[in-house]
Amino acid sequence: MQSTDLGNKESGKLWHRKPSPAARDGIIVNIIHSTSDYLPKVLRFLNVAFDSSGDCLIAGDHQGNIYVFDLYGNRFNLVQRTAQACTALAFNLRRKSEFLVALADYSIKCFDTVTKELVSWMRGHESSVFSISVHASGRYAITTSSDTAQLWDLDTFQRKRKLNILQSVGIQKVFFLPLSNTILSCFKDNSIFAWECDTLSCKYQLPAPPESSSILYKVFAVTRDGRILAAGGKSNHLHLWCLEAKQLFRIIQMPTKVRAIRHLEFLPDSFDAGSNQVLGALSQDGIMRFVNIQTCKLLFEIGSLDEGISSSVISPHGRYIASIMENGSLNIYSVQALTQEINKNEMSDGLNKKRLQILLKGYGEYPTKYRMFIWRSLLQLPENHTAFSSLVDKGVHVSFLNLQKKYPIKSRKLLRVLQRTLSALAHWSAIFSDTPYLPLLAFPFVKLFQNNQLICFEVVATLIINWCQHWFEYFPNPPINILSMIENVLAFHDKELLQHYIDHDITSQLYAWPLLETIFSEVLTREEWLKLFDNVFSNHPSFLLMTVVAYNTCSRAPLLNCSLKDDFEYFFHHRNNLDISVVIREVYHLMDTTPTDIHPDGKLNAFMALTKGQYPVFNQYPKFIVDYQTQERERIRNDELDFLRERQMVEDMQAEVDQQRVEDEAWYQKQELLRKAEETRREMLLQEEEKMVQQRQRLASVKRELKVKEMHLQDATRRRFLKLQQDQREMELRRLNDEIERKVHMRDQEIATTAKDLEMRHLELESQKRLYEKNLIRNHEAVAKEMREDADAHRRKVDLEEHMFHKLIEAGQTQNEKTQKLIEENLAEAEQACLNADWRIQALHKQRCDDLQRNECYREMAKLLRENRRKETEVLNAMVGEGAKKWEEAKEKDFHLKSEKKASTLSDASRKWFLEKELDDALEHAEHPYRTGLRCRSGQASSSSLPRTSQLNDTSEVDSSTHISLNQRRVQWDTMEQDLMERVRNLRQRLAAQARNPRRTPHLLAA
């Protein structure tokens, strides 16, 4: 479908390539008018009208733009801008270039499409004009509005008459009947009147429709001959009135989805002489349906639910339909495209063989467009789909498996169709599997009906049954009886030609049978062959035999000049310069002039169509010959299959032997290669062994050299090591001397530092002692204050409990929480008062006794809360026990504190004595180092009397020998020095630990 947008162009082409409307929708072109000058982007077409020729139409949009569309010349032109919407159009005036347009201001104007000028302006209506009807002569026009209808003279553009009616009735439509001088007026009360145009006298009135099918008419249409009126309204019924008989003769019911009819128009036909048989009805769903008013059959429809039609007009010759769509665009439909499938697939009930023969004699052939349709009608094809499917389902017949080898056809599709058709014929009757000329006979029809295989099969089958009668009686030989008929007719009409055949030994098998077995397809062109079979199918089966005689007699001049058998064979197998129309006329002449005794129609049966449902049995052949040939063919096929199997077995065995021989040769070659490879590897191994022996010898000599070098290196290394060891010992002695001096210096520094630390520690202990005393006094005061607060709180609690007693039942849970909170506070206070255990224990015992007494009183008076009170008592007892444990722990800690203080006093005295003694020894050692050893020995005995709480005892021992060397004295001095340093370090660690944890100092010193 092509689409054209007019845009702002005033002229142009309707389409840019030749339109080819599809049979599905039939649309030639879709015309839209989009613009940017107005607010709507697309201008909607409102009305359309054809001229009298049917090739031009005008259309107006709601902005007043009026276009002329020339479908023949492929042009459009903007002819007028009226600046207001048009409500009706008419383009079939007497002056072909003029048209009438009814505008929104209730006026009617006449314009010229060539000069684009205003011709006349007609006023008189007081409401919108919705219809303009022009007389067949083009001299008069009737304009209709809802309240009046006016008759105008288009020569003078003057109003001749005005039809005034009652306002309550209203006008539906007033229009001229075609080809007559009658005006038909239709009113809203379903009354229809016919008036004489000249005198305006009433000619007749149509009766009211029967009440059973009465509908309010709203739309009307009349056939071109003015004999039938179609009316419709808000119903799916259409009423057809015969205006001559003035009665309703038919009611057509449209499909149920049609609820109302919006427009009616008959579809003209060039061959119906104005008695239009197809009526188009536009329904409320936007679809225009075309029905045959005789058969009431739906033919085709245009529009759809998505693209509905608003209004529609059909051209006078019936070739085009112009429809204004609901979206405002304009569609031009091709009626030929819409009716193409109908012409192909539907058979007319009025098709008569005698009328077709008369038409055929007049024109010589059938129209190409309707030829296949006419053939199917003449042959009365049953179209047995089920029977044909059963034949096709049997598959390709074995006789035609290799058809492409004998008939190499380029088109694979054509080959498949031919193979399938021949297979179906062979499955239908066994003789056709052995008929050698069957492919030649069927091929023309296969090529003609390749898109419809069912029709192809039935045409060939009908041809065989009727025009191939008695062909198979002498099978597998040519039909001698049929050829004898042809020879008899030829002898009667052209004895000279027959004698010429006899003189040159030319039989009917040469001049007649090649034409029959190929049904003239080898000697005629496609057009000639189709023309011939138009006549063959339209006549008696003997017509085909007469055609053979006519072909020979019409070709007698070249045939009489032939003398060689090859020339005759070439002539009847190739195309010749022969007019087929002359041959056909000769056939009709032979059919009329041949005597009855030799006429083939006496020997052949009349035409017999294929039966409906199942195809007839075809057994007009010598069955025993066919069966024998079938058996022989089957035997030969079986023998061939056996031979093929044996040959395949032999080939397989030969292939196995060849394969075995190849494998053996390959094995021997591999063995030879392996042997050679083994010898090569053995030689390589011998060479490698010789190389290895030589390498071992070289390695042995290298090892000896390396051994000698290693011995020399070891000797040099030993000497270097001894020297290095001696140097290291000397360096060690020097390092030891330096270390002794450094340690002596460090010892002096550590002793001085330790003395300072002890003084600082003494000061810290004094300050801590004063701080402890101060805290103790503060704690005593805090405890006394807390005791007083506890007593006050106790009294307040007792008063509060007495006051809240009567509210315990309603707020038991709240009282429990408060009591628990008080107990927890008491427990916290008990933990903080560990240093004052005696006072706290007495207070808690007293409180516990009071609580027990109160609890006993509460249990007696509050039985409903007994269980809760019992649990509370258990919790309280547990907390009181925990308090007692805390008091016991406080007592134990107090006792432990006193013992630690005593141990600390003893430790201080011991440490003081030890430090004084150590300081004296250090000073004496610094002055007289040699006498220190003796004093140390004497001090060892005295140190054994020190208390065991001191951990600074001197445990060193010295040798009592008086003769000690210098080295021994050094060792003893080092040992003493190490012991002294160890004791100083232990002392510093204990002092540091005492500073970190003053309360555990007695333990550390005691340890």
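Rules behind the numbers
- Residues numbered from 1 in each chain as written.
- Predicted model: local features only at pLDDT ≥ 70, side-chain atom pairs only at ≥ 80, totals over all residues.
- Heavy atoms only, no water.
- Helix = DSSP H or I, 4+ residues; strand = E, 2+ residues; numbered from the N terminus.
- Buried < 20%, exposed > 50% of the residue type's maximum accessible area, 1.4 Å probe, protein only.
- Contact = heavy atoms within 4.5 Å.
- Areas by Shrake-Rupley, 256 points an atom, 1.4 Å probe, with all protein chains shown as cover.
- Expected span 1.5 Å × (residues − 1).
- Phe/Tyr/Trp six-rings, centres within 6.5 Å; stacked < 30°, edge-to-face > 60°.
- Pairing = 2+ DSSP bridges.
- Axes fitted to C-alpha atoms, helices over the stretch in contact; angles between N-to-C directions.
- Salt bridge = Lys/Arg side-chain N within 4 Å of Asp/Glu carboxyl O.
- Core = buried A, V, L, I, M, F, W, Y, C linked by side-chain atoms within 4.5 Å.
- Patch = residues over 30% accessible without salt bridge, like charges linked within 9 Å, V, L, I, M, F, W, Y side chains within 5 Å.
- Parallel < 35°, antiparallel > 145°, perpendicular 65-115°, else oblique.
- Left-handed = near helix turned anticlockwise from the far one by under 90°.
- Nonpolar A, V, L, I, M, F, W, Y, C, P; charged D, E, K, R; others polar.
- Polar contact = N/O pair within 3.5 Å; in protein donor to acceptor, adjacent residues only side chain to side chain.
- pLDDT = per-residue confidence, 0-100.

**Q** Describe the overall build of the protein, naming the residues involved and giving the relevant values.
**A** Helix and strand content of the protein: 25 helices and 30 strands. Counting the 1007 residues in the protein, one finds 41% classified as buried. For the protein, restricting intrachain contacts to residue pairs at least 6 apart in sequence, the fraction spanning at least 24 positions comes to 57%. Put simply, the protein shows about 58,600 Å² of open surface, and 53% of that area lies on carbon and sulfur atoms.

**Q** Account for helix 7 (residues 412-428), naming residues and giving values.
**A** Given a rise of 1.5 Å per residue, 17 residues ought to cover 24 Å, and the 24 Å separating the end C-alpha atoms of helix 7 matches this to within 8%. Burial analysis of helix 7 places 12 of its 17 residues in the buried class, which makes it a mostly covered element. Taken residue by residue, helix 7 has L414, L415, V417, L418, Q419, T421, L422, S423, A424, L425, A426 and W428 as its buried positions. Of the surrounding elements, those touching the buried residues of helix 7 are helix 5 (385-393), helix 6 (403-406), helix 8 (438-448) and helix 9 (453-467).

**Q** Requested: an account of the packing of aromatic side chains, with residues and values cited.
**A** Within this structure, the stated rule accounts for 38 aromatic pairs. The interplanar angle of 55° and the centroid separation of 5.8 Å between the aromatic rings of W467 and F607 together place this pair among those described as tilted. Note that W467 is positioned in helix 9 and F607 in the loop between helix 18 (580-593) and helix 19 (623-804), a separation of 140 residues in sequence. Residue F607 is classed as partly exposed on the basis of its relative accessible area, which comes to 23%. Considering the side-chain rings of F472 and F618, the 5.7 Å spacing of their centres and the 90° angle between planes classify their relative orientation as edge-to-face. In this pair, F472 sits in the loop between helix 9 and helix 10 (480-493) while F618 sits in the loop between helix 18 and helix 19, placing the two residues 146 residues apart along the sequence.

**Q** Mind laying out the side chain of N481, listing which residues take part and the relevant values?
**A** Looking at where N481 falls in the secondary structure, it is placed in helix 10. For N481, a relative accessible area of 17% puts it in the buried group. Discounting chain neighbours no more than four positions away, the residues touching N481 are H470, E473 and Y474.

**Q** If you had to explain the sheet that holds strand 25 (residues 278-283) to someone new, which residues and values would you point to?
**A** Taken in spatial order, the 4 strands line up as 24-25-26-27 in an open sheet, and their pairing is antiparallel. The sheet terminates laterally at strand 24 (261-267) and strand 27 (298-302), the two strands that pair on one side only. Adjacent strand axes in the sheet meet at a mean angle of 20° when their direction is disregarded. Taken together, the 6 bridges between strand 24 and strand 25 define a ladder with antiparallel strand orientation. Bridge pairing in strand 25 links L264 to A281.

**Q** Which residues make up unusual backbone geometry, and what values go with them?
**A** Phi angles above zero are rare outside glycine, and Q380 is one such case at about 50°. Along the chain, Q380 falls in the loop between helix 4 (371-379) and helix 5. Even without being glycine, E383 reaches a positive phi, approximately 55°. Looking at the element boundaries, E383 is found in the loop between helix 4 and helix 5.

**Q** Could you give an account of the pattern of salt bridges, naming the residues involved and the relevant values?
**A** Enumeration according to the criterion identifies 29 salt bridges in this entry. Residue E10 pairs with R81 through a salt bridge whose shortest N-O separation is 3.6 Å. In this pair, E10 is assigned in the loop between strand 1 (2-5) and strand 2 (11-12) and R81 in strand 7 (residues 75-81), connecting sequence segments 71 residues apart. Note that E732 and R735 form a salt bridge whose closest N and O atoms lie 2.1 Å from each other. Here the residue E732 and the residue R735 both occupy positions in helix 19, the gap between them amounting to 3 residues, near one helical turn. Given the relative accessible area of 35%, E732 is considered partly exposed.

**Q** Now, about helix 8: what can you tell me, with residues and values included?
**A** By the criterion of burial, helix 8 is predominantly enclosed, with 8 of the 11 residues buried. Residues of helix 8 that are buried: L438, P439, L441, A442, P444, F445, V446 and L448. Buried-residue contacts for helix 8 involve helix 4, helix 6, helix 7, helix 9, helix 13 (513-517) and helix 14 (526-537).

**Q** Tell me about the nonpolar core, residues and numbers included.
**A** Counting 100 residues, the largest nonpolar core has F445 and F537 as the members making the most contacts within it. With 11 residues, the single largest contributor to this core is helix 9. Apart from residues no more than four positions distant in its own chain, F445 is found in contact with W375, C456, V459, V460, L463, I519, W529, F533 and F537. Residues L14, V29, I31 and Y67 belong to the second largest nonpolar core, which totals 22 residues.

**Q** How would you explain a nonpolar patch on the surface if you had to name every residue and give the values?
**A** Together, V396, V398 and L401 make up an exposed nonpolar region whose accessible area comes to about 240 Å². Note that V398 resides in the loop between helix 5 and helix 6.

**Q** Go over the packing of helix 4 against helix 14 with me, naming the residues and quoting the values.
**A** The interhelical angle for the contact between helix 4 and helix 14, taken along N-to-C directions, is 30°, at an axis separation of 10 Å. Classified by the angle their axes make, helix 4 and helix 14 are roughly parallel. Every pair of crossing elements has a handedness; the one defined by helix 4 and helix 14 is left-handed. Across the interface between the two elements, R371, W375, L378 and L379 of helix 4 pack against W529, L530, F533, D534 and F537 of helix 14. For the contact of helix 4 with helix 14, the per-class residue count stands at 7 nonpolar, no polar and 2 charged.

**Q** Any details on the side chain of S542? Residues and values, ideally.
**A** Among the secondary structure elements, S542 is positioned in helix 15 (residues 542-554). On the basis of relative accessible area, S542 is assigned to the buried category, the value being 0%. Setting aside residues no more than four positions away along its own chain, S542 makes contact with M591, H599, P600, D601 and L604.

**Q** Lay out the pairing of strand 14 (residues 148-153) with the relevant residues and their values.
**A** Of all 6 residues in strand 14, 6 are buried, a share of seventy percent or more. Neither face of strand 14 is open: one carries T148, Q150 and W152, the other A149, L151 and D153, and all of them are buried. Pairing between strand 13 (residues 140-145) and strand 14: 5 bridges, direction antiparallel. When the bridges of strand 14 are listed, A141 appears paired with W152. Between the end of strand 13 and the start of strand 14, which pair antiparallel, lie 2 residues. For strand 14 and strand 15 (residues 158-164), the ladder comprises 6 bridges, and the chain directions are antiparallel.

**Q** Mind laying out the environment of T717, listing which residues take part and the relevant values?
**A** Tracing the backbone through its elements, the reader meets T717 in helix 19. Separated by 2.6 Å, the side chain of T717 and the backbone oxygen of L713 make a polar contact.

**Q** Give me the confidence of the model for the protein: which residues, what numbers.
**A** Here the protein shows a mean pLDDT of 82. Residues at 70 or above account for 84%. Every residue in residues 346-350 scores below 50 in pLDDT, and together they form 8 contacts with partners more than four places removed in sequence or on other chains.

**Q** Can you break down the sheet that holds strand 6 (residues 65-70) residue by residue, with the values?
**A** The sheet built from 5 strands is open, its strands ordered 2-7-6-5-4 with antiparallel pairing. Strands with a single pairing partner mark the edges of an open sheet, and in this sheet they are strand 2 and strand 4 (45-50). Across 5 bridges, the pairing between strand 4 and strand 5 (residues 56-61) is antiparallel. Pairing of V48 across the sheet is with A59, part of strand 5.

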